[in-house]
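# Per-entry structural report
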Amino acid sequence: MNTFLQHWKPISVAAAVTLALTACSNSSNNGNDPDNPPVDSSTYAADIVWTEYGIPHITAEDYGSAGYGVGYAYARENFCTLMREYVRAAGESSRYLGDDGDLNSDLVMKLYNGDDRINRMIEEDLPGYIVDNLTGYAAGVNRYLAETGVENLAQGDEGCRGAEWVREVELQDVVRLVHRAILVGSAQPLRDYIVAAEPSAQMAKVALPEGMSPDALIAANLTQDAFEAGIVLPKGGAMGSNAYAVGADASQTNSGILFGNPHFPWQGPQRFFMFHVSVGDEYDVMGAALSGLPAPVIGFSRDVAWSHTVSTASRFNFYELELNPDNPMEYVYDDGFREITSETVSVEVMTEAGEVETLEHTFYFSHYGAIINLGGINSLLDGWPTINGSVLTYYDANLENLRGLEQWMNMGKAKNLGEFKNALRSLGIPWVNTIAADRYGDAFYGDISVTPHISVSQADNCVRGLLQSAVTGFGYLTLDGSDSACEAGSDEGTVAGIFGYDSLPKLETREYGANANDSYWLSNPRMLLEGFSPIIGKERVEQSRRTRATFSQAESRLAGSDELGDPGFNIDNIRQLLYNATNYTAELILDDVVAICRRDDNSEAEGISMEQMACDLLAGWDRTHQNDSVGGHIFFEFWKELRSTPNLFAVPFDAADPVNTPRNLNVNDKAVIDAVQAALGAAVATLADAGIELDKPWGEVQFVEKNGERIPIHGGSSDMMFSVITSGLEDGEGYSSIRHGNSYIQAITWDESDCPDAYAILTYSQSTDPASEHYADATKLYSSGGWIDMPFCEAARDAQEIGRVTISE
């Protein structure tokens, strides 16, 4: 029997009735035209063909049926991961998920994902065909559950077999999950500070030390150190990416080339899933999306390809509100006062005694948004009021933003880069840059993402007083909330409060553009972008080493100086840039490091020290993190010790040469030489303590274990290189705790045929179910340096077919 068919389970009559009723109650229309009113229908029908490595190709005649097929195909491999996120998005993790529950997250989800808000967003903000698509997705997920049964669901780290929180889902669940994902750059990282704002327990103003003014106390104590462990935002830490858009002038052909390389978590709902969706004659896109999304958000069509990288722009800004001295529930606004309002939510919590309790919490709001308390970061920001007689509030530009759902659909429909850029004008993309290319040789980079409309003038003139200046200096723009002139502005044709397309940084080129999570400023060394609001990003500042690696290897490729053949990019050499796994930081400093550590070589003495052995291994290391390379783990531990050394480089950063500066280890500084020697000794000690031999190949040191098999994983730290794998050192094992890094990687170009020339890999494979055939297959392919030849056109799809089914209800 075909092993694919062994997973197929017949649906019971009772389940079929339930699914039919669910579809009837949830489906609002199946029309393709968003300008026409919804058509009442309860019928879904989708053809699904699976190709090698478990990629589903869903073909349908309407958007509801397309969602139905995608929901079913995704649930088949990742149902438990998806269901767990539905629980979190509904604010139910403290009730059901035990130690994985997060009470503050639940409270904020009850606030921002409550039934009334979600239903209003569905009714007012989503076109009918998108509602159909999401409703169909829920029906597809439910179909898988009905076929499989709770007692037969996946086991393993992300499994949920027999879990009481498994249930059927509906349209509102799908929308809640999407909204939660959109708020990953604002409400989610701020959740603890939103919950902490409780005036009833904080009405007394913080007492000043005798003889000290508020400004003096703030200046002395509100320091950068106070914020180092504070708010964590997705700006290249937990999530990041690299991407190139190559135009005809930098290509070895007349077509564009797109290379996308997101660095996302290897566990949980931010894992990518590869799939291909075709709806009639109007939508045909292959690519990948995060858990719970019904269409690819990174991918390619017949004519256009795109990727995303996490943007430096902030999705929120703070305001300081001066409180009414006579009524701390009012704040100054222009010449009067405004009232602080409140809203109370309730959540269910499972106690240690195994009983369910209901907890209530009240949130407080200015007209800008929720009041926050940053006292958890610094005590001077605590209190209601703070030491400054104020409270902080925040404006969330992404709150209730569901525009991306339709925007990604329209991006996929584009026939060329002109149409694609027009699709970006709706400003729904929540927190990422967009990098794109088309078959006609045009390339594009833009930070066209939802960002508060705080102008350069406002950033210069509305940050007033030491408290606002201090918090702004720590990277969180904080304005005077008492002045209406400091309110977020608007651009014509764009949702109020955010920058419009024409006000955001972008590069349109026939050469190339790139991004690796630094700001828009450096998207091409010859075409720097300047003059934008600091809330979008910084200009004329030192770039990360990964950004420099991204552009250094691109410039070498244009010059043909990198041993990859003739100048210019093609579909093969652009992929090789990643799989080379070159350590850019080692290329900058290793020769000098080896010269320093060999100064102490006492080879005539009996035996050889571990430091001398490490030095010799580094001297012979090929400066890559390929699986067979020896020495990479020594350098990794060495660099972690050395990187914060003052005055490390002899040539400082130069804004006129951001790719090549700073450089040259400062070998004339004795403190730097001492730091190099100490760092090598510390690296050797770290590896010895962990029981890791110095001469082990990288693939034996860094690996992932799936079903008892160790799979070598190439790539290394984001702080050193282009090809990113973030892993923790486990005693006696190695770097076996891989948390995030290379994920869905795609490379696309075009030739004379209608079919894109596309390759991709999903590093962690399609499935979180250890019993699936697609739990480790793509991981092994990545390990061996392989790629999936993406079967976009029907003939290629059929040639790779491993199974197919038609589902309907």
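Since the structure is predicted, the reported quantities are computational estimates derived from the model, not experimental observations.

## Describing the overall build of the protein chain
Counting its secondary structure elements, the protein chain contains 22 helices and 30 strands. Its C-alpha radius of gyration of 27 Å places the protein chain within 12% of the 28 Å reference for a compact globule of 809 residues. Based on the C-alpha atoms only, the size of the protein chain along its principal axes is roughly 85 × 80 × 60 Å. Counting every position in the protein chain, which comprises 809 residues, the buried fraction comes to 60%. For the protein chain, the accessible area works out to roughly 29900 Å², and carbon and sulfur atoms hold 45% of it. Across the protein chain, the mean location of the 51 positive side-chain charges is 3 Å away from that of the 117 negative side-chain charges.

## Structural notes on the side chain of Thr312
Tracing the backbone through its elements, the reader meets Thr312 in the loop between strand E8 (304-310) and strand E9 (316-324). Take Thr312: its relative accessible area is 18%, and that puts it in the buried class.

## Describing helix H19 (residues 670-689)
Here H19 contains 20 residues, and its C-alpha end-to-end distance of 28 Å stays within 8% of the 28 Å for a straight helix at 1.5 Å per residue. Those residues of H19 not exposed but buried are Val672, Ile673, Ala675, Val676, Ala679, Leu680, Gly681, Ala683, Val684 and Leu687. The opening residue of H19, the one whose side-chain oxygen lies 2.9 Å from the backbone nitrogen of Ala671, is Asp669. Positive phi shows up at Gly691, right after H19, with a value of about 75°.

## Considerations on the pairing of E8
Counted residue by residue, E8 has seven buried out of seven residues, so it is predominantly covered. Across the two faces of E8 the burial is the same, with Val304, Trp306, His308 and Val310 and Ala305, Ser307 and Thr309 all buried. Hairpin connection from strand E7 (residues 298-300) to E8: three residues lie between these consecutive antiparallel strands. Relative to strand E16 (residues 432-438), E8 is paired through seven bridges, and the arrangement is antiparallel. Note on E16: the bridge partner recorded for Ala305 is Ala437.

## Description of the state of the cysteines
A full pass over the atoms with the stated rule returns four disulfides. Residue pairing for Cys80: its cysteine sulfur links by disulfide to Cys160, the two sulfurs lying 2.0 Å apart. Sign of the S-S torsion, about -75° for the bond between Cys80 and Cys160, identifies this disulfide as left-handed. Here the residue Cys80 occupies a position in helix H2 (residues 63-89), and Cys160 occupies one in the loop between helix H6 (128-148) and helix H7 (171-182), the gap between them amounting to 80 residues. Between Cys462 and Cys486 runs a disulfide, and the two sulfur atoms are separated by 2.2 Å.

## Some thoughts on the packing of aromatic side chains
For the structure shown, the criterion picks out 31 aromatic pairs. Relative to Tyr68, the ring of Tyr44 lies with its centre 5.2 Å away and its plane at 20°, an arrangement referred to as stacked. Of this pair, Tyr44 sits in the loop between helix H1 (13-26) and strand E1 (45-51) while Tyr68 sits in helix H2; the two residues are 24 residues apart in sequence, bridging distant segments of the chain. Ring centres of Tyr512 and Phe551 lie 6.2 Å apart, and the angle between their planes is 40°; this geometry places the pair in the tilted category. Residue Tyr512 is found in strand E20 (residues 512-515), and its partner Phe551 is found in helix H14 (residues 545-559); the two are separated by 39 residues along the sequence. For the residue pair Tyr512 and Phe551, the accessibility class agrees, reading buried in each case. Through a chain of ring-to-ring contacts, three or more aromatic side chains come together here, namely Tyr244, Phe259, Tyr512, Phe551, Phe569 and Phe722. Over the ring of Tyr333 we find Arg338; its NZ or CZ atom is 4.3 Å from the centre of that ring. Here Arg575 stacks its cationic end above the ring of Trp787, 5.3 Å away from the centre of that ring.

Conventions used here
- Residues numbered from 1 in each chain as written.
- Predicted model: local features only at pLDDT ≥ 70, side-chain atom pairs only at ≥ 80, totals over all residues.
- Heavy atoms only, no water.
- Helix = DSSP H or I, 4+ residues; strand = E, 2+ residues; numbered from the N terminus.
- Rg over C-alpha atoms; globule rule 2.2 N^0.38 Å.
- Buried < 20%, exposed > 50% of the residue type's maximum accessible area, 1.4 Å probe, protein only.
- Areas by Shrake-Rupley, 256 points an atom, 1.4 Å probe, with all protein chains shown as cover.
- Lys, Arg positive; Asp, Glu negative; His and termini not counted.
- Charge placed at Lys NZ, Arg CZ, Asp CG, Glu CD.
- Expected span 1.5 Å × (residues − 1).
- Polar contact = N/O pair within 3.5 Å; in protein donor to acceptor, adjacent residues only side chain to side chain.
- Pairing = 2+ DSSP bridges.
- Disulfide = S-S within 2.5 Å.
- Phe/Tyr/Trp six-rings, centres within 6.5 Å; stacked < 30°, edge-to-face > 60°.
- Lys NZ or Arg CZ within 6 Å of the ring centre and 35° of its normal.

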